[in-house]
Amino acid sequence: MKRLFYPEVLSPRASVGLLAVRLLAGVALMHHGWGKIQNPFGWMGESAPVPGFLQGLAALSEFGGGLALVLGLLTPLAMLGLLCTMAFASFFHISRGDPFVGTGGPAWELAGLYFVLALCFILCGPGRYSLDAKLFRPSSSKP
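Along each chain, the written sequence defines residue order, and numbers are assigned to residues from 1. Since the coordinates come from a predicted model, pLDDT governs what is reported: local features require at least 70, and pairs of side-chain atoms require 80 or more to be given and counted, while whole-chain, interface and lining totals use all residues. Based on all heavy atoms of the structure, the side-chain values leave hydrogens and waters out of the count.

Novice: What's the story with the layout of surface pockets in this structure? I'm lost.
Specialist: Taking a probe equal in size to a water molecule and rolling it over the atoms shows the remaining empty space. Space inside the largest pocket adds up to approximately 600 Å³. A58, E62, T85, M86 and A89 are, among the 28 residues lining the largest pocket, the residues nearest its centre. Starting at the N terminus, helices and strands are each numbered in turn, a helix being any DSSP run of H or I of at least four residues and a strand any DSSP run of E of at least two. No other element matches the 10 residues that helix 4 (residues 75–95) contributes to the lining of the largest pocket. Residues belonging to the lining of the largest pocket are distributed by class as follows: 18 nonpolar, 8 polar and 2 charged. Method remark: on a 1 Å grid restricted to protein atoms, a set of points is classed as a cavity if a 1.4 Å probe fits but cannot get out and as a pocket if it is open with protein on both sides within 12 Å along at least five of seven lines; lining residues have an atom within 4 Å of a point. Grid points are joined across faces, edges and corners, and a volume is the space filled by probe spheres set on the points. Each residue is assigned to one class: nonpolar for Ala, Val, Leu, Ile, Met, Phe, Trp, Tyr, Cys and Pro, charged for Asp, Glu, Lys and Arg, and polar for all the others, Gly among them.

Right, dumping it as structure tokens:
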């Protein structure tokens, strides 16, 4: 189970890079999800094509996933939720015909970018400068 939350020992240099990405992406996700978490089951409005329960999961995965990234806590689990949310968001935009990069209108580039970031953190883990490392790193790999 520990390997799920802390897959490998990364170099200090790689871990600094992951920390920088975690902090920036985590704060951005928290900001992105803040408005949604204020009204988690109805942030898309009355005529939403998505049920309130799924809107609530999206709000939780964005705000909570951002917080988990900042802390580096239960990172793969939080990123699995974000991965599912961003897969649906990307599909939603693509099915509406939205472009990859928009010029002021809806686009799916941000959902795609968060999808790839979530996938990277699931595969690589949060790095050695995280709560996951403190809690789940095997004792043989602790410096």
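Having seen the structure, we can now continue with the description.
Novice: Even after reading the chapter, I still don't get the packing of aromatic side chains, so can you show me in this structure?
Specialist: The description of an aromatic ring pair uses the distance of the two centres, along with the angle that the planes make with each other. Whether two aromatic rings pair depends on their centres lying within 6.5 Å, for rings of Phe, Tyr and Trp, where Trp uses its six-membered ring; planes under 30 degrees apart make the pair stacked, over 60 edge-to-face, and the rest tilted. Summed over the entire model, instances satisfying the criterion amount to 3 aromatic pairs. With a centroid separation of 5.6 Å and an interplanar angle of 50°, the aromatic rings of W34 and F63 are classed as tilted. Of the two residues, W34 sits in helix 2 (residues 12–38) while F63 sits in helix 3 (residues 52–71), which places them 29 residues apart along the sequence. Definition used: whenever NZ (Lys) or CZ (Arg) falls within 6 Å of the ring centre and also within 35 degrees of the ring normal, the charge is taken to sit over that ring. Here K36 stacks its cationic end above the ring of W43, 4.7 Å away from the centre of that ring.

Novice: Looking at this model, I keep getting lost on the state of the cysteines. Mind explaining?
Specialist: What we call a disulfide is simply a covalent bond connecting the sulfur atoms of a pair of cysteines. Any two cysteine sulfur atoms lying within 2.5 Å of each other are counted as a disulfide. Using the criterion set out here, one finds 0 disulfides in the structure. Of all cysteine sulfurs in the structure, the one in C120 sits closest to C84, which takes part in no disulfide; the separation is 16 Å. Here C124 is not disulfide-linked; the sulfur of C120 is the nearest cysteine sulfur, at 5.8 Å.

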